[in-house]
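In case you want the letters, here they are:
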Amino acid sequence: ETGVTQTPRHLVMGMTNKKSLKCEQHLGHNAMYWYKQSAKKPLELMFVYSLEERVENNSVPSRFSPECPNSSHLFLHLHTLQPEDSALYLCASSQDPGLAANEQFFGPGTRLTVL
Amino acid sequence: GENVEQHPSTLSVQEGDSAVIKCTYSDSASNYFPWYKQELGKRPQLIIDIRSNVGEKKDQRIAVTLNKTAKHFSLHITETQPEDSAVYFCAASPNSGNTPLVFGKGTRLSVIA
């Protein structure tokens, strides 16, 4: 499959569960991103990885834990989430490891519901 | 850091009319300005971008204008069609350096047939 893929596409979890979101890019890009999309904050940047190193963490609560084992894969580990964490989680990638201005390619997102 | 403001938050136009969405930015070092379109239930996708060495760029029915002095840029869609209905996001970024894109809050465009 080409582009940026995300699994699962939908996830329902309780507040005590632990789950992980997965993102994979098939574009040979060097930077990857996690965004949270909700009605209140349409595109909220969470984490940025460049060449597998985290370069930005936008004051995200520790119940969200990212992992980037290689430049093609990005995970978001979730534990003890709150109902307000329910949102669409979008992964994106871009070519330049220095994050210089270039197109971000988004995945289809994971629709997360926390009960 | 960069701050991007986008207006209006919602916009309704009749099919065939033009639509204009405006954004302002705060960081004078920003010189890359993309626009993304997100249709309902789909991912955001780049539709057009502009760099600071030009003042206007066109691609068929869409155009973007940039005023670096005033620090604002706009998306213009002419002869709107129902398939233009979507949420549009502007963004800004310095052209170099370790700074990711900063997005506006989006504009929900509805084209009424």
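Predicted model only: the values in this text are computed from it and were never measured. (Residues numbered from 1 in each chain as written. Chains lettered and ligands numbered in written order. Predicted model: local features only at pLDDT ≥ 70, side-chain atom pairs only at ≥ 80, totals over all residues. Heavy atoms only, no water.)

## Digging into the overall build of chain A
(1) Moving on: A tally of regular secondary structure across chain A gives zero helices and eleven strands.
(2) Moving on: Ordered by position from the N terminus, the helices and strands of chain A form the series β-β-β-β-β-β-β-β-β-β-β.
(3) Moving on: Dimensions of chain A, computed from C-alpha atoms along their principal axes, come out at roughly 40 × 30 × 25 Å.
(4) Moving on: Here chain A holds 115 residues, and the buried ones make up 49% of them.
(5) Moving on: Put simply, of all contacts in chain A between residues at least 6 apart along the chain, 54% involve residues at least 24 apart.
(6) Moving on: By element, 48% of the accessible surface of chain A is carried by carbon and sulfur atoms, the whole surface being about 5300 Å².
(7) Moving on: Separation between the mean location of the 10 positive side-chain charges and that of the 11 negative ones in chain A comes to 11 Å. (Helix = DSSP H or I, 4+ residues; strand = E, 2+ residues; numbered from the N terminus. Buried < 20%, exposed > 50% of the residue type's maximum accessible area, 1.4 Å probe, protein only. Contact = heavy atoms within 4.5 Å. Areas by Shrake-Rupley, 256 points an atom, 1.4 Å probe, with all protein chains shown as cover. Lys, Arg positive; Asp, Glu negative; His and termini not counted. Charge placed at Lys NZ, Arg CZ, Asp CG, Glu CD.)

## So, the side chain of A:His29
All names here are of chain A.
(1) Moving on: You can see His29 is positioned in the loop between strand 3 (18-25) and strand 4 (31-37).
(2) Moving on: Looking at His29, its side chain comes within polar contact range of the side chain of Ser93, at 2.8 Å.
(3) Moving on: Residues contacting His29, with those up to four places away along its chain left out, are Ser71, Ser93, Ser94, Gln95 and Phe105. (Polar contact = N/O pair within 3.5 Å; in protein donor to acceptor, adjacent residues only side chain to side chain.)

## Describing the interface of chain B and chain A
(1) Moving on: Contacts between chain B and chain A engage 19 residues on the former and 23 residues on the latter.
(2) Moving on: For the pairing of chain B and chain A, the buried interface totals around 1600 Å² over both sides, and the portion due to carbon and sulfur atoms is 57%.
(3) Moving on: When the area that chain B buries against chain A is broken down by residue, the three leading residues are B:Arg43, B:Pro100 and B:Phe103, summing to 33%.
(4) Moving on: Between chain B and chain A we count zero salt bridges in total.
(5) Moving on: The interface formed by chain B and chain A includes four residue pairs in polar contact (both at pLDDT 80 or more).
(6) Moving on: Secondary-structure elements contributing two or more residues to the side of chain B that touches chain A are strand 4 (30-38), strand 5 (45-51) and strand 9 (86-94) of chain B.
(7) Moving on: Its residues assigned to classes, the side of chain B that touches chain A shows nine nonpolar, seven polar and three charged. (Buried area = accessible area lost by both parts, 1.4 Å probe. Salt bridge = Lys/Arg side-chain N within 4 Å of Asp/Glu carboxyl O. Nonpolar A, V, L, I, M, F, W, Y, C, P; charged D, E, K, R; others polar.)

## Observations regarding the environment of A:Thr113
Residue and element names in this part refer to chain A.
(1) Moving on: Locating Thr113 in the fold gives a position in strand 11 (residues 110-114).
(2) Moving on: Placed 103 residues apart in sequence, Thr113 and His10 show a C-alpha to C-alpha distance of 8.1 Å.
(3) Moving on: Once you skip the residues sitting within four places of it in the chain, Thr113 turns out to touch Leu11, Val12, Met13 and Ser86.

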